[in-house]
Amino acid sequence: MKWWEEALARWAKALGLRYIFDEAGASSEEGVACGSWRLENGVWQLGVGDGVVRFADWDGPAEVREALTWTLLALQPGDSERGRHPLAAWYDHCRQLSLHALAEQFSGEAAEGAAMDKGGPELGAFTYPGYFLVLSPLLRRDEASDAWKTARELMLEVMRATLCDVWNKDVADGTQILTYVPAQAFDTAFDDLSLWTSDHPPKHADRTRTVVDHLATAIREEGLIDVAISVSMPVLEQAQLRQAILSLAMASRLHGAQRVGGQRVAVFGDQPMAFLLSAVPESALRTILAMVSARSASNPEEWPNGWMELTRAMMRANLNVSEAARAMYVHRNTLLARIEKVYEETGFDVRVIDHLMVLHLAALAMEQQGAYN
């Protein structure tokens, strides 16, 4: 029996459908890609990889056709011996690569034969644009497997309440959940949560990050589970699926190494300098720190306590001292005194953009170096 036959038979019985399977349809020049639909001469056709299923006298609505497709794709064999889903297998593969290899594959500079297949699997059921997310409950290594099962169900329950039901697969030896969320679902959740007070409509990226931040908080408050959530680059078309999974692996790696300044959410592209530093070898990081040290009065490791937090606050506040003080919950004069102290001991003034960028780069380099050690 083919991988899709039993599930399709159940659907046909439930909906009263009649269908035939055309194996030749897969080899024709106008064949239908696996998971994709085509309407021809009033007959709906569904590609199933090794042929085409034709439905007679059925004008199924788009929602029903999408649900049918997702059911079948969930049962589709993966490309590995364990039968994992193709994208789940690709994510697991990316997790095994070094930071440098990830960067090489993302830039397309990997050695011949090892470069990323940008075509990706045929998964026409996904709606574009969208994002891949990976949810990682921060459980102790010695916790029983039952803890993961409980955490998994709680995380999916909160996700369904926030974003509706989404495609998901277990990855990383069953310790993470890989999901795909259409951008439209983020927009709907954002509007339902009324999370924006500005008169200017937020961009897709702002909506996405805001909803994911809310999701992480909801999982922590409702499920009592601390979770790290990494988000891929936006997937604009099917051809970007594997590239998006690669970007997700990079975001997850950065998040796992640094916790992104203590935050529980890492969005690919939010911190380009951090991603740049995440891909360089330790020797390059030491060189960066040596250059910064040479331009300052002392070694960065000996700088005043809190200089990294001060740098981040000024960066996020666009050099506005009052905004940075509010974000750090300190009086403006207190922050000015800290700024002066950092300037006296390092020669860098965070109120000057060039100086702030140097300090920001030094902070990221030191964090990434700590991840190597």
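**Re the overall build of the chain**
Okay, step 1: A count of helical and extended segments in the chain gives 14 helices and 9 strands.
Okay, step 2: By residue count, 47% of the 373 residues in the chain fall in the buried class.
Okay, step 3: In the chain, the share of contacts with a sequence separation of at least 24, taken over all contacts with a separation of at least 6, comes to 65%.
Okay, step 4: Carbon and sulfur atoms make up 50% of the accessible area of the chain, which totals about 19300 Å².

**Quick word on the nonpolar core**
Okay, step 1: Grouped together as the largest cluster of nonpolar side chains are 30 residues, with contacts concentrated most on Leu 133, Leu 135, Leu 163, Phe 186, Ile 219 and Ile 229.
Okay, step 2: Residue assignment for this core shows that the elements contributing at least two residues are β5 (130–137), α5 (145–163), β7 (176–182), α6 (183–193), α7 (204–223), β8 (227–231) and β9 (265–267).
Okay, step 3: No other element matches α5, which puts 7 residues into this core.
Okay, step 4: Apart from residues lying up to four places away in sequence, Ile 219 is in contact with Leu 135, Met 155, Val 158, Leu 224, Ile 225 and Val 227.
Okay, step 5: Counting residues in hydrophobic clusters, the runner-up holds 27 residues, among them Val 292, Ala 324, Leu 335 and Val 342.

**Observations concerning the packing of aromatic side chains**
Okay, step 1: Tallied over the full model, the rule gives 13 aromatic pairs.
Okay, step 2: Considering the side-chain rings of Tyr 19 and Phe 55, the 6.1 Å spacing of their centres and the 50° angle between planes classify their relative orientation as tilted. Of this pair, Tyr 19 sits in strand β1 (residues 18–22) while Phe 55 sits in strand β4 (residues 52–56), and the two are 36 residues apart along the sequence.
Okay, step 3: We classify Tyr 19 as partly exposed; its relative accessible area is 30%.
Okay, step 4: By relative accessible area, Phe 55 is classed as buried at 1%.
Okay, step 5: Both rings, one in Phe 126 and one in Trp 167, keep their centres 5.4 Å apart while their planes meet at 75°; by these two values the pair is edge-to-face.

**Things to note about the confidence of the model for the chain**
Okay, step 1: Residues with a pLDDT of 70 or more make up 75% of the chain, whose mean pLDDT is 78.
Okay, step 2: Per-residue pLDDT, averaged within each element of the chain, yields its smallest value for helix α9 (residues 272–278) (64) and its largest for helix α13 (residues 332–346) (93).
Okay, step 3: Taken as a whole, residues 78–82 scores under 50 in pLDDT and shows 8 contacts with residues more than four places along the chain or in a different chain.

**Details of the pattern of salt bridges**
Okay, step 1: Taken as a whole and assessed by the stated rule, the structure comprises 10 salt bridges.
Okay, step 2: Among the salt bridges present, the one from Arg 326 reaches Glu 323, with a minimum N-O distance of 2.6 Å. Pair noted here: Arg 326 and Glu 323 are both in helix α12 (residues 321–328), with a separation of 3 residues, about one helical turn.
Okay, step 3: The exposed category is assigned to Arg 326, whose relative accessible area is 53%.
Okay, step 4: Under the relative-accessibility criterion, Glu 323 is labelled partly exposed at 39%.
Okay, step 5: Several salt bridges converge on common partners, so that one network encompasses Arg 152, Glu 153 and Asp 170.

**Details of helix α10 (residues 282–294)**
Okay, step 1: Relative to the 18 Å expected for 13 residues at 1.5 Å per residue, α10 spans 18 Å between its end C-alpha atoms, a close match to the ideal helical length.
Okay, step 2: Every buried residue of α10 is accounted for by Leu 285, Ile 288, Leu 289 and Val 292. Summarising the axial view, the buried residues of α10 lie within an arc of 95°, below the 170-degree limit, and thus occupy one face. Residues of α10 that are exposed and angled more than 90 degrees away from the buried face: Ser 283, Met 291 and Ala 294.

**Some remarks on the environment of Ile 20**
Okay, step 1: By secondary structure assignment, the location of Ile 20 is in strand β1.
Okay, step 2: Through-space distance from the C-alpha of Ile 20 to that of Arg 54 is 5.4 Å; in sequence the pair is 34 residues apart.

So, how was this worked out
Counting restarts for each chain, with residues numbered from 1 along the sequence as it is written. Per-residue local features are limited, in this predicted model, to residues with pLDDT of at least 70; the limit for side-chain atom pairs, both in listing and counting, is 80 or more; totals at the level of whole chains, interfaces and linings are taken over all residues. Side-chain measures were taken over the full set of non-hydrogen atoms in the model, leaving aside hydrogen atoms and water. Each helix corresponds to a stretch of at least 4 residues labelled H or I by DSSP, and each strand to a stretch of at least 2 residues labelled E; elements are numbered beginning at the N terminus. Categorising residues by exposure relies on relative accessible area from a 1.4 Å probe, with only protein chains included: less than 20% of the type maximum marks a residue as buried, more than 50% marks it as exposed, and the intermediate range marks it as partly exposed. Two residues form a contact once any of their heavy atoms are found within 4.5 Å. Here the Shrake-Rupley method, with its probe set to 1.4 Å, supplies the accessible areas, and only the displayed protein chains count as covering residues. Note on terminology: a nonpolar core comprises buried Ala, Val, Leu, Ile, Met, Phe, Trp, Tyr and Cys residues joined through side-chain atoms within 4.5 Å. Here the aromatic set is Phe, Tyr and Trp, taking the six-membered ring for Trp, and pairing holds for ring centres within 6.5 Å; pairs whose planes are under 30 degrees apart are stacked, those over 60 apart are edge-to-face, and all others are tilted. Known as pLDDT, the predictor's confidence for each residue is given on a scale from 0 to 100. Here, a salt bridge means any side-chain nitrogen of Lys or Arg that lies within 4 Å of a carboxyl oxygen of Asp or Glu. The span one expects for a helix is its residue count, reduced by one, times 1.5 Å. Directions from the helix axis toward the C-beta atoms define the arc.

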